[in-house]
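# Breakdown of the fold
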Amino acid sequence: MFDILYQNDHVLIIQTHAGQFDKWGDDLYGSFNMGRHVGDDGEQVLMKRMALMDELNHMTGGQIHEICWLNQIHSDIVVHPAFAMSPQDADALISDEMGVGLSIMTADCVPIALFNHANHHDAQIACIHAGWQGLTKGIIKNTYQKFTNKTNIKAVIGACISHDNYEINKTLAHDIINQVSDKTLVALTVDELYQNIITDKDDDKCLIDIVKLTKLQLSHLNITVINDTVPCSYANPKYYSYRQQIHAKKSATGRMATVIVKL
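Below: a short report on this structure. In this text, all values refer to a predicted model and were calculated from it rather than measured experimentally.

### Brief notes about the pairing of strand S2 (residues 11–16)
The element S2 is extensively covered by neighbouring structure, given that 6 of its 6 residues are classed as buried. The two faces of S2 match: Val11, Ile13 and Gln15 on one face and Leu12, Ile14 and Thr16 on the other face are all buried. Sheet topology places strand S1 (residues 2–7) next to S2; 5 bridges connect them, and they run antiparallel. When the bridges of S2 are listed, glutamine 7 appears paired with leucine 12. Note: S2 against strand S16 (residues 256–262), 5 bridges, orientation antiparallel. The residue of S16 that forms the bridge with isoleucine 14 is valine 259.

And the structure:
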């Protein structure tokens, strides 16, 4: 159902996976899709979300009373949880409430969970959906700026597409580099950033390392990443991957959820 990415007495971070999933065959959604927007049966997805909350409550002794979901739009918008009929249009959530799960969905983009070590009553948590568009628009910086206490913030990065499997054209690569540099989202020059996250290929294509780009942006904000390894959503059979779906000529695929809860 999910992997525990980090846990202590005050915070829990998990990432779901596809469950039983024939990733390389005709299977679209596996057995644990969290996305309601990808063509799967909506009632079944809601039941799986309820099953996720039940399991998290089983782990935490019933400390979780809600999980907040977003309508993700590849933006730089950060919001506080609002439990309305329609999810908010945004790509990051931040809160200081206990027992409220902040969730974002991914199928290659970078899921980032943030938490600080302020006084427990005042401690804040955040969850970020960061594709290349969010990373160029400043979604990480915008989320960081909403923390009241900006010292000693930690980050956990969930499974996402790796450098080896993320090919883009060089025009897009230069556009990403220039936008990140113009917004001073990293402490590198344009050339240094290119060398750090781009690997050229023989034609007009290149490989981009969005995990490295994420880590560079977090480091620039003095945020410490506490997990050493980040699984590849494209290569690992237990994760959904939008790019693998395209390469396999599938009509759709499911979504993982990354959830952080203040306990």
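From this point on, the discussion continues.
### A closer look at the environment of proline 237
Inspection of the secondary structure puts proline 237 in the loop between strand S15 (224–225) and helix H7 (242–247). Residues proline 237 and aspartate 91, 146 residues apart in the sequence, show an inter-C-alpha distance of 26 Å. Not counting residues within four places of it along the chain, the set of residues in contact with proline 237 comprises Phe21, Lys23 and Trp24.

### Some words on the nonpolar core
Ile112 and Leu114 are the most contacted members of the largest nonpolar core, which totals 42 residues. Among the elements that take part in this core, helix H6 (residues 210–220) stands out by supplying 5 residues, more than any other. Excluding residues within four positions of it along the chain, leucine 114 makes contact with Gln124, Ile125, Ala126, Ile128, Thr143, Phe147, Ile153, Lys154, Ala155, Leu218, Ile223 and Ile260. Core analysis: the second largest hydrophobic core is formed by 16 residues, Val11, Leu93, Val156 and Ile260 among them.

### Comments concerning the side chain of arginine 255
Position of arginine 255 among the secondary structure elements: in the loop between H7 and S16. Put simply, arginine 255 is tucked away with no salt bridge, and the nearest opposite charge, on aspartate 108, sits 8.2 Å away. There is a polar contact of 3.2 Å between the side chain of arginine 255 and the backbone oxygen of threonine 253. Setting aside chain neighbours within four positions, we find arginine 255 in contact with Phe32, Asn33, Met34, Gly35, His37, Val38, Met105, Thr106, Ala107, Tyr240 and Tyr242.

Quick notes on the rules
- Residue positions are given per chain, counting from 1 as you read along its sequence in written order.
- The model is predicted, so local features are restricted to residues of pLDDT at least 70 and side-chain atom pairs to those at 80 or more, both for listing and for counting; the totals for chains, interfaces and linings are taken over all residues.
- By convention in this description, side-chain values take in all heavy atoms of the structure and omit both hydrogens and water.
- Whether a residue is buried, partly exposed or exposed follows from its accessible area with a 1.4 Å probe, protein chains only, as a fraction of its type maximum: under 20%, in between, or over 50%, in that order.
- For the purposes of this entry, the term helix denotes a DSSP run of H or I that reaches at least four residues, the term strand denotes a run of E that reaches at least two, and both are numbered from the N terminus.
- Two strands pair under a simple rule: DSSP has to find at least two bridges between them.
- Any two residues whose heavy atoms approach within 4.5 Å are treated as being in contact.
- As used in this record, nonpolar core signifies buried Ala, Val, Leu, Ile, Met, Phe, Trp, Tyr and Cys residues forming a set joined through side-chain atoms within 4.5 Å.
- The charge count includes Lys and Arg as positive and Asp and Glu as negative, but it does not include His or the ends of the chains.
- Salt bridge criterion: a side-chain nitrogen from Lys or Arg within 4 Å of a carboxyl oxygen from Asp or Glu.
- The term polar contact refers here to a pair of N or O atoms within 3.5 Å; inside protein, the definition further demands a hydrogen-donor-capable atom paired with an acceptor-capable atom, and it admits residues adjacent in sequence only when both atoms are side-chain atoms.

By themselves, these observations are geometric and do not establish any function.
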